[in-house]
Structures are given as C-alpha cells and as structure tokens.
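Summary of the model geometry
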Number of protein chains: 2
Amino acid sequence: MSTLITPRTLSGFRDYLPEVMLAREKVLDKARHVYRSYGFTPIDTPAAEALEILLGKGGDESDKLVYRVRSARSEKEEMGLRFDLTVPFARFAAQYISELGTPFKRYAMGPVWRGERPGHGRYREFWQCDFDTIGTTSNAADIETALVISDLFAAIGFERFEVRINNRLLLNGLLELYGLADRGVPLLRSLDKLPKIGRDKVIEEMVKEAAVTAEQAGRVLDLAETTGTNEEVLNRVEGFFTATPNAKAAEGIRRLRELLEVGAAVGIPDGRFRIDLSICRGLDYYTGMIYETFLTDLPGIGSVCSGGRYDNLASLYTKQVLPGVGASLGLDRLVAAMEELEHPLLTGQKTPAEVLVVQFDSSRLADYQRAASRLREVGIPVEVYPDAKKVGQQLAYAEKRGFKLAVIAGTTEFEKGVWNVKALAKREETAVTDAELVERISELLRPNWV
Amino acid sequence: MSTLITPRTLSGFRDYLPEVMLAREKVLDKARHVYRSYGFTPIDTPAAEALEILLGKGGDESDKLVYRVRSARSEKEEMGLRFDLTVPFARFAAQYISELGTPFKRYAMGPVWRGERPGHGRYREFWQCDFDTIGTTSNAADIETALVISDLFAAIGFERFEVRINNRLLLNGLLELYGLADRGVPLLRSLDKLPKIGRDKVIEEMVKEAAVTAEQAGRVLDLAETTGTNEEVLNRVEGFFTATPNAKAAEGIRRLRELLEVGAAVGIPDGRFRIDLSICRGLDYYTGMIYETFLTDLPGIGSVCSGGRYDNLASLYTKQVLPGVGASLGLDRLVAAMEELEHPLLTGQKTPAEVLVVQFDSSRLADYQRAASRLREVGIPVEVYPDAKKVGQQLAYAEKRGFKLAVIAGTTEFEKGVWNVKALAKREETAVTDAELVERISELLRPNWV
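Residues numbered from 1 in each chain as written. Chains lettered and ligands numbered in written order. Predicted model: local features only at pLDDT ≥ 70, side-chain atom pairs only at ≥ 80, totals over all residues. Heavy atoms only, no water.

Right, let's talk about the interface of chain A and chain B for a bit. In this complex, chain A contributes 111 residues to the contact, which on the side of chain B involves 110 residues. When the two sides are added together, the surface that chain A and chain B hide from each other amounts to roughly 9,300 Å², 56% of it contributed by carbon and sulfur. Summed over the shared surface of chain A and chain B, the number is eight salt bridges. Between A:Arg36 and B:Glu25 there is a salt bridge, and its shortest N-O distance comes to 2.8 Å. The tally of links between chain A and chain B comes to 38 residue pairs in polar contact (both at pLDDT 80 or more). No other element matches helix H1 (residues 18-37) of chain A, which puts eight residues into the side of chain A that touches chain B. Of the residues assigned to the side of chain A that touches chain B, the class counts are 55 nonpolar, 21 polar and 35 charged. Of the pairings in the sheet, the one linking strand E3 (residues 68-70) of chain A to strand E3 (residues 68-70) of chain B comprises three bridges and is antiparallel in character. (Contact = heavy atoms within 4.5 Å. Buried area = accessible area lost by both parts, 1.4 Å probe. Salt bridge = Lys/Arg side-chain N within 4 Å of Asp/Glu carboxyl O. Polar contact = N/O pair within 3.5 Å; in protein donor to acceptor, adjacent residues only side chain to side chain. Helix = DSSP H or I, 4+ residues; strand = E, 2+ residues; numbered from the N terminus. Nonpolar A, V, L, I, M, F, W, Y, C, P; charged D, E, K, R; others polar. Pairing = 2+ DSSP bridges.)

Next comes the structure, spelled out in structure tokens:
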C-alpha cells in the first residue's frame, strides 16, 4: 500500500467551503447585477500575461510580487500571473479599443495573485471586482462611479456605509498656489500616512522627503484635514483660493458639488457621500476624483471599495490617450467583514437547496424525483436524499445543512396520496395532498409573498 | 519618449470581449441555477496547488502539461496550476469530508490550465463547470446526474441534444464471462478509438494490446455496437448473459433501466437519454455509469458534458473510501458551438443595458440620472451617455452596441415634461410624459409580459 499524500493548501492560499462560498456567490451576483444595471459590460482576460506586460509597473518591490509561470515543456515564453485587473485591462484596452469604440464601460471579476508574505487577512490569491469607464473625461462618469458604489453596497444589504470622496485637483491647485506643483508625488505619499502616523510626523516627513517648508506642509495638511458638512468643507476650501483664484481647484470644487447635487437628485441618502480631503490613495496614478468606502460598523478593516479618475490608462501600450474612472471591490475583505458583522447574507446555510425530499422507499425514487421536479419548476431548489437510510439520519443531515423543509412519504402516505411536510426549525409536520404540494411548500417557504 | 510594449495575449490564451463574455456569463448563470436547484453547493479551491498534489495523476505526458509556478521571492515551495477541477476536489474532499459529512454534493466553476500545443479550439486556459455527488454508491445519484445534464442544456436553451449513457458494469460482466476481467484497461483504451478508427482496426489493436483473441475482441465490439431503441439494446444485452447469468451485468442493466424509468416519470422527453454501449471515456477511473452529451446539430464537436461514476475519489489523500458520480460541462467548447449554431443566447448585443439615456444638455445630468435610476429600480439596466456629444453620435453608439431604446430630452422636452423614447431598430419615436416613463419603457421592452 502506497503512502498517502497529505491533503493541504499552499501557504497564503485557501479553499472556500459551502457556507462562505454561498455568501461570496451572492456578493458577486449583486455586483454583477449593479454593474450591469449601469451598462458596464463583462470582459475577461487570462490569468497569465507575458512578463513584459506585468513587470515594471511599481518598481522592483512590486516586480518581486509577480508569480512566474513556466511550462514543463520548457518553452521560452516568459509568463506571470496577473497581480491586479488594471494592468490586464490596460493591455486589453490598447489591443481592442479601436474595435470596441469609446466610451467603453467594462467590469471584470476574478482572482489575482501576489507573492506576498501571508498574514492575518492577507492572502496570495484574492478576488477583485473592478468596473471602469474609459474614453471620457466627463464628470458624469465620475458621478456615476460614486452612484455605482452606493448601489452596490445597498444591493449587498448594507445600510451603514460611507463613500468618502476627494478630488486631486484641490491639492494640485493648492500646490500650484505655493509653487510646489512638482512635489505632488512625495507629498501624496506622506499624506497617505496621515491616519497611521498623525499630523506632526507627516509634516516632518514632508519637509524631509518633499523639500517643502514646515509652513507649506502645514497648509497641505490644513486642506486635507478640513472638516465639517460637505457644504462647509467645500466652502472652506473655496476660501483657500479667494485671494488667488486657481482653475484646477475651481474645477475640483465644481466636480465635487455636481456629484453631491446629482447624488441628492437620485435619492442617495444624506451622509452616504462624504467629502474627505484627507483620502488620497498614495498612488500618483490617480489625477481627479478619489473614492474610498468604509463600513460604519467596521471602519478598522479599511476601504472595501476604492478607485478614482486617471488621465491615461494604457500609455505603455498605445499612443491613444484613454482617460477614465473606476473602482474595485475587494471581495475577500468584504466577505471577511460580513462574517465579522454577522451580515444576513451569511445565513448559516450550507446548501443552496431549501427542501430535502427524504428517500423512504428506494422503489419510489421516480415519485420522489417527480415531486422534486415539480418544485424545481417553480424555482424552489430541492435535493432528493440519495440513499434509503433511516429517516432520522436523513433529517439530521437536513438540519445540519440548514434545509428549511423535509418532504417524507412511505407506503401509507402513497396509499393516501399525501406527503408529510416537516418544517425543520419548528419541527412541525403537516400532511399535504400531492395536488397541493407545490402550492403549500411555496407558501411555507415564502410566507410574505402575496 | 519610451517605446510602446505591444499589447498581446500569450499563445494559447485569449481575451473575452463583451459579446462572447455576455453569453458565457449567461451559460454560467444557468449552470449555477440548475446545479443549485438539485442541492449542489458551490466550493472553490485555489488556482495553484502543491506539485505533489498535481503530479503523477496520468503519467509523464500528463505531468508535462502542468504549469509550474514560482515566486520571485525564491521560495522553496513547489507549486503548479491545476489542470482540472477533479484533482483539487479530491484533495479538498480528503481534507474536509469529516467536517462536511456525506453525502456531499458540490459544484465548482473556474479556469484550468494545460501546457498543451494550442490548436483549433484548443487553449491552454479553459473553463470547467463540474458537479459531483460523493459518499454514496446509490443509483439515485447516477440517475440525478443524468437529470441535471438534461435540465442544464434545456435551461441554456437547447432542445436538440442527446445524453448518451453507458454503464461499465456491462463490459465488466462480459469480460468476467470470458475470463478477461484483467484486460479491462487496454480493452477500454482500444474501444475508445472506435469512432475514429473503426471496428476492424479496434479488433486488431485489442488483439495486440490486450492479448485477446480476435473472436473475444469481436464479442466486446458486438456488445459496444448493440443498436436499437433503449429497450431493444437492454434486451439484447440481457441476451448475452442468458446462458451464464452475471451479477455485474445484471446490476448494470438494472441501473440503466431504473434511470430510463425515472427519466420518463419526471418528463424527460423521449430520445433525450440514449443507451450507447460504445461510449467508454477511455479512463479506467470510471467504474459505473458513463455520460456524454452531444448537440444534435453539431455532433462533430464531440461531447460538451461528460462524466461518470467512480469507486474512490480521493484514495491518494485519505483512507476514507469516497465513491461518487459527476460530470463536467466544457464551457468553452459549448460557447464555441453556440456561436457556430447562432444560438439565441448570443444576441449580438455588446452591452447588458437595454436603454441609453442620451446626454443632450450637460446641465441636466441630475434629470438624466434620476430617470435612469427609476428604470433601474424596476430592473431595467440603463446607461447614461457620459458626454453631451451630438445626439446623432450618441444614437450611433447605441445602435452599434445593441441598445433597444434611447431616451432623449432637451430644453423643449423638459419644458413640456416629456421624454422622447426612440425604438432603435424600428427608428420609431414617441413622446412619453415623465410620470409614464417607467411604465411605457417596461411595455416597450417586455411586450409579452401580461
């Protein structure tokens, strides 16, 4: 007898068991539905790309995260696994945009891989769910991005969440005002650390890394830390530029104001969009609107959906300038948060089926499958137990998995033309005629349907 | 200015553009729905597994197909990309079955990777959609597998397809009868070539490879080539064993008969299940029922959903014996067939949205998004054009993507409180009051709804 191989997952990789997977599929389904409802169309790209496509996007450290893939047939092709969905989308856009035309709105959902050290909540394989509008600089697309994020979390079943919004044009305007337009990148990198290291340390770092005076750094922080209602924040920021009007800042303010107006017009609840001039997402990739999304009851896990506007998506692959805006839902972080918050989409069920048809008498399989088939026809998922084991054993199975109803019939019931329908949680059993089976089970499962 | 990188996909890999991706998502959605309707629950496993899990499953040739994955941080871990969903499921089952309990019904959908030479319709990355029932030897699970396949293709919108079914027990019974039980594997491998090389060559090969006489090989082929109605085939096969009853063959016949009976009882159309004793799927992995699925109008592409019963899923990883039955939908082959057959799920649309709201006047964005929002609330997907370009340009965009309706309003319409609703195919335009907008658009899009 040969030795057994220990079944295991690789470090940083994981399996999804039924309960969590059912929740993941629900979230993906909601995301797909919301993205589509705004006219975003699905696309897909391969897991593997040529290394030249993947490398050099964020320096040596970033390149080290890219998994190399090699065929055992020892081909020369240098391949790697994608580390996000943005780089493949940039490559895709360059390749097909003349065929697709602009504006082009796409969503993509799938796993990405990063060879990082695994840690609490940090995996080497995780899912992203991105949506982007490219080929337009219009604020209409920026506004829509915020509406999509709001609809997305509402569809998943969240009420208590906040989309924090900023616009880089404000900071850029301020830097122009102080003649610091060329220090944007190091200033943003320092500013991004504000929640972690606090104002004083950020100023210290700005002075050191961006060669600004402490006073100038202070002004940047004054802008970032402006607080109040959305209207108060915008009014105060306008105040920064009263003496010396600045076109960039004015455009940033106009865009934020219009976002709030349209949001209110379509009925986005008060407080859902919050102007927060401190969010900046570190990356110099973003050039306009910035979005982060926080769950009110679990702010500590960080943003669960982030994005922004960029000037040019695919400059590495095409001369065609493709400005755009988009955001990415972090599926794994969100599902982890939902587990922690005991979100109602995590039902505790381990099966998508609601009804178990008990196999009491194996010679009656046709009757059991026929009853199941009638229920499936009206959209009720039904499992028929595969073996004619003891009824108690089959009911224990049903309870463990989270079925709602069990349907049982043996010789006596078949003679009478009835089914015993058992509500598993209440342990109530009623006899239902065969003709009434579908109607009665529908009523039991959907008591609130009219 | 730096040189552009040529955007391209790797040889054997491909992108999915909107039109095909929309069809793929519909097929995946139908498959998910049908699998769930029978109580199969989703699970997911990583793309990468330890090499020791992946290698040695089908000899050296098979091992060469496995893509090796390596972290640039030069870790020792030997990893590979999964080449199917069965090996990861076996590993998964061994790891969690005591927690999950049996019977366990799962589905899994995702890409798999094989470093094969790419060719017409053969890619290095392709999707599988598997469902399996493990932990039972019951014929109820075998029968259900056939019902699932039938429901699956009906749900995708096929009427003309055939599930061909065999049971290995018949052949095993015949081999016992002739004292050839130990020649099963080479005989199956030769038999599998029947459609390609014909009867005479198969007999020749059987004589050579399985060390049987030409007469014995002829008997095996007589069994495999038995034709007629399902009942005729089963009666003739019974005839093979009249003189010397054989328990295996009798069980095989009983199982096939019961499958046909239950199929008829649940209303599977005549001719959908066809007993075909020539299908054997080469692999010695299968031990009982065998399934292949052919599209009547495109039989040449081969089976689009195949599977069978196996004695022990995870013997490499656990001592627990896990018999089971399942099948796998080949998504890419099916979608290719659908394209060739101009299947109605391939609508020619390049957008999931049905309505385009034209942006006539950029200062009215709130009105456009509010109208869109009201339509989305009743489940109608709506895109708002991001820029206030010329109306003709926006309508050309809508026609190219396959939108059904365009909704237009400028100053005059806003003054009158109406929207112009344009049916793009018919080029008919009607004015609709703002209050009636949702109702009228619903009617236009769903004329057959009551």
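Moving on: the sheet that holds strand E16 (residues 428-433) of chain B. Residues and elements named next belong to chain B. With respect to topology, five strands assemble into an open sheet ordered E13-E12-E14-E15-E16, the strand pairing being mixed. Only two strands of the sheet have a single partner each, and these edge strands are strand E13 (382-384) and E16. Pairwise comparison of adjacent strand axes, ignoring direction, gives a mean angle of 25 degrees for this sheet. In the sheet, strand E15 (residues 418-423) pairs with E16 via six bridges, with the strands oriented antiparallel. Bridged to Asn 420 within E16 is Ala 431. (Axes fitted to C-alpha atoms, helices over the stretch in contact; angles between N-to-C directions.)

Residues and elements named next belong to chain A. Residue Pro 103 is reached from Thr 102 by a cis peptide bond, and omega for that bond is -5 degrees. Relative to the assigned elements, Pro 103 resides in the loop between helix H4 (86-100) and strand E5 (104-113). One non-glycine residue, Arg 427, adopts positive backbone phi at about 55 degrees. Turning to its location among the elements, Arg 427 is positioned in the loop between strand E15 (418-423) and strand E16 (428-433).

Turning our attention to the relation of the copies chain A and chain B. The transform that puts chain A on chain B rotates by 180 degrees and translates by 0.0 Å along the axis, for an RMSD of 0.0 Å. When the rotation and shift are considered jointly, the pair of chain copies conforms to a two-fold rotation axis. When each C-alpha of chain A is compared by its distance to the rotation axis, A:Val69 comes out closest, at 2.3 Å. A high fraction, 99%, of the interface residues of chain A reappear at the interface in chain B, so the copies pair face to face through one surface. (Least-squares fit on C-alpha atoms with pLDDT ≥ 70 in both.)

With that out of the way, let us pick up helix H1 (residues 18-37) of chain B. The periodicity of an α-helix, 3.6 residues per turn, causes residues three or four positions apart to be oriented the same way. Taking 1.5 Å per residue as the helical rise, H1(B) with its 20 residues ought to reach 28 Å, and the 28 Å between its terminal C-alpha atoms agrees with that figure. Immediately beyond the C-terminal end of H1(B), within one or two residues, lies B:Gly39, with a positive phi of roughly 90 degrees. (Expected span 1.5 Å × (residues − 1).)

Counting across every chain of the model gives 29 aromatic pairs over all chains. Ring centres of B:Tyr385 and B:Tyr397 lie 5.1 Å apart, and the angle between their planes is 85 degrees; this geometry places the pair in the edge-to-face category. Within this pair, whereas B:Tyr385 is found in the loop between E13 and helix H14 (391-401), its partner B:Tyr397 is found in helix H14, the two being separated by 12 residues in sequence. By way of ring pairs, the aromatic residues A:Tyr35, A:Phe40, A:Tyr107 and A:Phe131 are connected into one cluster. The aromatic ring of A:Phe89 is capped on one face by A:Arg106, whose charged end is 3.8 Å from the ring centroid. When the ring centre of A:Tyr38 is taken as origin, the NZ or CZ atom of B:Arg376, which lies over that ring, is 3.4 Å away. (Phe/Tyr/Trp six-rings, centres within 6.5 Å; stacked < 30°, edge-to-face > 60°. Lys NZ or Arg CZ within 6 Å of the ring centre and 35° of its normal.)

Let us look at the nonpolar core. Counting residues in each nonpolar core, the largest one holds 101 residues, and the members touching the most others are A:Tyr35, A:Phe153, A:Leu329, A:Leu334 and B:Ile441. Apart from the residues within four sequence positions on either side, B:Ile441 is in contact with B:Val355, B:Leu375, B:Ile380, B:Leu405, B:Val407 and B:Val421. Counting 100 residues, the second-largest nonpolar core is a separate cluster that includes A:Ala409, B:Met109, B:Ile156 and B:Ala210. (Core = buried A, V, L, I, M, F, W, Y, C linked by side-chain atoms within 4.5 Å. Buried < 20%, exposed > 50% of the residue type's maximum accessible area, 1.4 Å probe, protein only.)

A few words now on the packing of helix H7 (residues 184-191) of chain A against helix H8 (residues 194-210) of chain A. Residue and element names in this part refer to chain A. Viewed as axis vectors pointing N to C, H7 and H8 meet at an angle of 155 degrees, and their least axial separation amounts to 8 Å. Taken together, H7 and H8 sit at an angle that is classed as roughly antiparallel. When H7 is examined against H8, the residues Pro 186, Leu 187, Ser 190 and Leu 191 are found in contact with a partner set consisting of Leu 194, Pro 195, Val 202, Glu 205, Met 206, Glu 209 and Ala 210. Considered class by class, the residues forming the contact of H7 with H8 number eight nonpolar, one polar and two charged. (Parallel < 35°, antiparallel > 145°, perpendicular 65-115°, else oblique.)

Our next topic: the domain arrangement of chain A. How big an interface is tends to be stated in terms of the accessible area lost upon association of its parts. Taken domain by domain, chain A holds domain 1 (18-340) and domain 2 (355-445). Centre-to-centre, using C-alpha coordinates, domain 1 of chain A lies 50 Å away from domain 2 of chain A. (Domains from an automatic or database assignment.)

All names here are of chain A. Note on placement: Asp 84 falls in the loop between strand E4 (79-81) and H4. As a buried residue without a salt bridge, Asp 84 has its nearest oppositely charged side chain in Arg 114, at a separation of 5.1 Å. A distance of 3.1 Å separates the side chain of Asp 84 from the backbone nitrogen of Thr 86, its partner in a polar contact. At a separation of 3.0 Å, a polar atom in the side chain of Asp 84 contacts the main-chain amide nitrogen of Val 87. Residue contacts for Asp 84: discarding those within four places in its chain leaves Val 112, Arg 114 and Gln 128. (Lys, Arg positive; Asp, Glu negative; His and termini not counted.)

Glancing now at the packing of H8(A) against helix H9 (residues 214-224) of chain A. Residues and elements named next belong to chain A. Put simply, H8 and H9 touch, their axes get as near as 7 Å, and they point 150 degrees apart. Classed by the angle they form, the pair H8 and H9 counts as roughly antiparallel. Between H8 and H9 the crossing geometry is right-handed. From H8, Leu 194, Arg 199, Val 202, Ile 203, Met 206 and Val 207 reach across to H9, where they touch Ala 214, Ala 217, Gly 218, Val 220, Leu 221 and Asp 222. Its residues assigned to classes, the contact of H8 with H9 comprises nine nonpolar, one polar and two charged. (Left-handed = near helix turned anticlockwise from the far one by under 90°.)

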